[in-house]
Amino acid sequence: MRVISLILMLSFSDNGIASSYKRLGKLYKDTQVHTIDNYPTIRTQDGVGICYAVTVTQLLNYQYCKQNKLNCKEAKNQISLLDVTAYSEYYAKTISEGGYPHSLLRSLKQQTDSIFKEQCLPFELLSHKDGEKDKAQGQGYKSLREIYDKHPRYLSPEEQMCHAKTIKSILSIEKDIEAILNAFQATSVAQFVYEVAVKDECLDEQQKIDLPDFHTGVYPSFSDQEEATPESLLGKVEKLVLNDIPVGISFCTNSSEDCGAHAVSINGIKEVCNKDDCRIMLKLHNSYGQSWQNFYNGGWVDGENLMRSALQYNKKNLLTWISEYKSEKDIPEKILKRSRPKKSSHNPTIDINTEESDTFPDGIDPKRSPVFKCDGNYFGGWKPNSNCKFMMYSR
């Protein structure tokens, strides 16, 4: 099982590491556009490795709003991301970093029939008090992990009390000191985080909603005999999204050995053309936050490039969706009407626009693939016209 790395949960440029996200240049114009209406608002994972759970939360939230005819943009109709994440393991409730959307959906369906609302159990419980919203980069989670790594269950009562007071001071939780001290008995950091930041923070059963009725689909499944290709993956996404069924996808964010595994949901598809070529673009809801959405023009990226990144990650269970259809065979076949045949995705004349530069500030070694944080939250290559801060070398 690939565990999602906090550091590698980034969007890399082409400076030594191929990016899974490609924007097309301004010469491409929309010819056909289909987006799923009433999709939930953008969520952020805040640097914590729970992109798989954000993806599942978005899929569930959309189905819940659809079945109950609710406005999914309203805060009162949002499902708790923390409560969804807590069902990632069967043996105990945890906040586990790294996971698969299809596994979490199966676990949820087997363990519960209701989930808390976000306003009762908000993700902000895990945020560091001193962290700026959407930019804290998991400081709350990291702080808890650092305390757990000191094995507080084996420390003296005085040292335990010191750590408990530290936790109380950095997280926006209502727990008393005694409850935090009891959490030191957790047998894993994922269980410890749940016990400290989630358990009993919301006891109002009126703030729970019934899980929507749904059937889960995956592609390619282990029963699929044919090997998936970028074209078959993209065709499956096209069929689903045109039927207003959002799709979760797992993929690699870069071509390095450890891949930088990530998961997002897809809620739109369109064809774009220039004078020579037509391409399929997909609209992503990415848990990197609103700044990522803005940088990619609302979340639109090249579809075939993303599918190749998915096949780099794995060969099975790359696409996950939920719907009212019992079987994928029952979903109507739908495709965009192509304006003209597309050229090869490897055609070097395609107008790719990343707005990143191959030149860097003084003192930066370009051969080591530097990564920057630009405009507060965007991670990638150096953008000369933005406020960028060097973060790390990726090789």
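Criteria and cut-off values
- Residues numbered from 1 in each chain as written.
- Predicted model: local features only at pLDDT ≥ 70, side-chain atom pairs only at ≥ 80, totals over all residues.
- Heavy atoms only, no water.
- Helix = DSSP H or I, 4+ residues; strand = E, 2+ residues; numbered from the N terminus.
- Buried < 20%, exposed > 50% of the residue type's maximum accessible area, 1.4 Å probe, protein only.
- Contact = heavy atoms within 4.5 Å.
- Areas by Shrake-Rupley, 256 points an atom, 1.4 Å probe, with all protein chains shown as cover.
- Core = buried A, V, L, I, M, F, W, Y, C linked by side-chain atoms within 4.5 Å.
- Axes fitted to C-alpha atoms, helices over the stretch in contact; angles between N-to-C directions.
- Parallel < 35°, antiparallel > 145°, perpendicular 65-115°, else oblique.
- Left-handed = near helix turned anticlockwise from the far one by under 90°.
- Nonpolar A, V, L, I, M, F, W, Y, C, P; charged D, E, K, R; others polar.
- Arc of directions from axis to C-beta.
- Phe/Tyr/Trp six-rings, centres within 6.5 Å; stacked < 30°, edge-to-face > 60°.
- Lys NZ or Arg CZ within 6 Å of the ring centre and 35° of its normal.
- Salt bridge = Lys/Arg side-chain N within 4 Å of Asp/Glu carboxyl O.
- Disulfide = S-S within 2.5 Å.
- pLDDT = per-residue confidence, 0-100.

> Sorry, what's going on with the overall build of the protein here?
Along the backbone of the protein there are 10 helices and 12 strands. Residues classed as buried in the protein amount to 57% of the 395 residues present. Taking contacts inside the protein between residues at least 6 apart in sequence as the whole, the part at least 24 apart equals 71%. Element-wise, carbon and sulfur atoms account for 48% of the exposed surface of the protein, whose accessible area totals about 17900 Å².

> It is not clear to me how the nonpolar core should be interpreted in this structure. Could you clarify?
One recurring pattern in soluble globular proteins: nonpolar side chains tend to sit buried together. In terms of nonpolar packing, the biggest core is built from 94 residues, with Leu60, Ile167, Phe192 and Leu282 touching the most fellow members. Per-element tally for this core: the top contributor is helix H1 (residues 51-68), with 9 residues. In this structure Leu60 touches Ile79, Val84, Leu105, Leu108, Leu211, Pro212, Phe214 and Ile322, once residues within four positions along its chain are discounted. In this structure, Leu24, Tyr28, Val272 and Met281 belong to the second largest nonpolar core, which totals 5 residues.

> Is there a simple way to explain the packing of helix H4 (residues 139-148) against helix H7 (residues 189-197) in this structure?
In a packed pair of helices, the relevant descriptors are the angle between the two axes and the axis-to-axis distance. Remark: H4 packs on H7, axes separated minimally by 10 Å, with the N-to-C direction vectors making an angle of 120°. Considered as vectors, H4 and H7 are oriented oblique to each other. Considering how the two elements wind past one another, H4 and H7 form a crossing that is right-handed. Contact residues: H4 offers Tyr141, Leu144, Arg145, Ile147 and Tyr148, while H7 offers Val189, Phe192, Val193 and Val196. Tallied by class, the residues present in the contact of H4 with H7 amount to 8 nonpolar, no polar and 1 charged.

> How do you make sense of H4 when you look at a structure like this?
What sets the pattern is the α-helix's 3.6 residues per turn: residues three or four places apart point alike. The set of residues buried in H4 consists of Gly140, Tyr141, Ser143, Leu144, Ile147 and Tyr148. Each buried residue of H4 sits inside an arc of 160° when the element is viewed along its axis, so together they form one side. In this structure, the buried side of H4 is in contact with helix H5 (157-170) and H7.

> What is the right way to look at the packing of aromatic side chains in this model?
The geometry of an aromatic ring pair is captured by the separation of the ring centres together with the interplanar angle, meaning the angle of the planes. Scanning all chains against the criterion turns up 10 aromatic pairs. Ring centres of Tyr288 and Trp292 lie 6.5 Å apart, and the angle between their planes is 70°; this geometry places the pair in the edge-to-face category. Here the aromatic residues Tyr21, Phe251, Tyr288, Trp292, Phe295 and Tyr296 are joined through ring pairs into a cluster of three or more. Just above the ring of Phe116 sits the side chain of Lys208; from NZ or CZ to the centre is 4.9 Å. We note Lys236 situated over the ring of Tyr219; from NZ or CZ to the ring centre the distance is 4.5 Å.

> Just checking my understanding: could you explain the side chain of Ser188 for this structure?
Turning to its location among the elements, Ser188 is positioned in the loop between helix H6 (177-183) and H7. Exposure remark for Ser188: the relative accessible area of 18% places this residue in the buried category. Ignoring anything within four residues of it in the chain, the contact list for Ser188 reads Tyr91 and Tyr148.

> It is not clear to me how the pattern of salt bridges should be interpreted in this structure. Could you clarify?
Side-chain pairing between opposite charges can occur once the charged atoms of the two side chains come close. According to the stated counting rule, one finds 15 salt bridges in the structure shown. Among the ionic pairs, Arg279 bridges to Asp302, the shortest N-O distance being 3.0 Å. With Arg279 in strand S7 (residues 278-285) and Asp302 in strand S8 (residues 300-302), the pair connects residues that are 23 residues apart, well separated along the chain. The exposure classification of Arg279 matches that of Asp302, with both residues buried. Connected through salt bridges with shared partners, the residues Lys236, Lys239, Glu328 and Glu333 form a single ionic network.

> Help me understand the state of the cysteines in this model?
Every disulfide links exactly two cysteines, by a covalent bond between their sulfur atoms. Scanning the model with the defined rule gives 4 disulfides in all. At a sulfur-sulfur separation of 1.4 Å, the disulfide partner of Cys120 is Cys202. In this structure the cystine formed by Cys120 and Cys202 twists about its S-S bond by roughly 65°; its chirality is therefore right-handed. Pair noted here: Cys120 is in the loop between strand S2 (114-116) and H4 and Cys202 is in the loop between H7 and strand S3 (208-210), with a separation of 82 residues, a long-range link. Looking at Cys202, the relative accessible area reads 7%, which means it is buried.

> Explain the confidence of the model for the protein here, please?
Interpreting fine coordinate detail is not advised for predicted regions of low pLDDT. The share of residues in the protein with pLDDT of 70 or more is 82%, and the mean pLDDT across the chain is 84. Low confidence marks residues 1-17, where pLDDT is under 50. Its contacts with residues over four positions away, or in another chain, come to 68 contacts. Counted against residues more than four places away or in other chains, residues 344-357, with its pLDDT under 50, gives 36 contacts.

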